[in-house]
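Letter by letter, the chains look like this.
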Amino acid sequence: MAKNWQEEIRELSGDIKNLRAGIPEIMKAFTAMGASAGASGALDAKTKELIALAIGVAIRCDDCIAFHSKGAVQHGASREEVLETLSMAIYMGAGPSVMYASHALTAFDQLHTPAAE
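Residues numbered from 1 in each chain as written. Predicted model: local features only at pLDDT ≥ 70, side-chain atom pairs only at ≥ 80, totals over all residues. Heavy atoms only, no water.

A. Examining unusual backbone geometry more closely. Backbone geometry places Arg 60, a non-glycine residue, at a positive phi of 65°. Positionally, Arg 60 belongs in the loop between helix H3 (45–58) and helix H4 (62–74). (Helix = DSSP H or I, 4+ residues; strand = E, 2+ residues; numbered from the N terminus.)

Here it is in structure tokens:
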């Protein structure tokens, strides 16, 4: 059965909110680091989300896949761009990355609907 990636993000967001309440200074610093790393510079924000998605696949992190698929959608990534990103993740992560790439594509497809835009 395929995951419901919208529900996954809702559940994870609640878990992260609890973590943020328990260690606010660490999470504030982590959030600031994420904002700085994701800001447009030599690479635009969409490219950075695609890189993060590829890393999520390569390190086999479903939670990362959920959030960075959503980020890719929000920054206007196309399905073709996601597929090329997943190609690189598979190349770098071999067989296990094939399995997680399938998760990432399903997450992107579920989140890239007219209602999600």
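B. A look at the pattern of salt bridges. With the rule as written, the count across this model stands at five salt bridges. Across the salt bridge formed by Lys 3 and Asp 62, the nearest N and O atoms sit 2.8 Å from each other. Here Lys 3 is found in the segment before helix H1 (5–22), whereas its partner Asp 62 is found in helix H4, with 59 residues between them in sequence. Taking the relative accessible area as the measure of exposure, Lys 3 reaches 31% and is therefore partly exposed. Linked by salt bridges that have partners in common, Lys 3, Glu 8 and Asp 62 make up one network. (Salt bridge = Lys/Arg side-chain N within 4 Å of Asp/Glu carboxyl O. Buried < 20%, exposed > 50% of the residue type's maximum accessible area, 1.4 Å probe, protein only.)

C. How the structure looks around the packing of H3 against H4. Between H3 and H4, the least distance of the axes is 9 Å, while the angle of their chain directions is 160°. Regarding the angle of H3 to H4, the classification is roughly antiparallel. Between H3 and H4 lies a crossing of left-handed hand. Between H3 and H4, the contacting residues are Glu 49, Leu 50, Ala 52, Leu 53, Gly 56 and Val 57 on the first element and Cys 64, Ile 65, Phe 67, His 68, Ser 69, Gly 71 and Ala 72 on the second. Grouping the amino acids of the contact of H3 with H4 by side-chain chemistry returns eight nonpolar, four polar and one charged. (Axes fitted to C-alpha atoms, helices over the stretch in contact; angles between N-to-C directions. Parallel < 35°, antiparallel > 145°, perpendicular 65-115°, else oblique. Left-handed = near helix turned anticlockwise from the far one by under 90°. Contact = heavy atoms within 4.5 Å. Nonpolar A, V, L, I, M, F, W, Y, C, P; charged D, E, K, R; others polar.)

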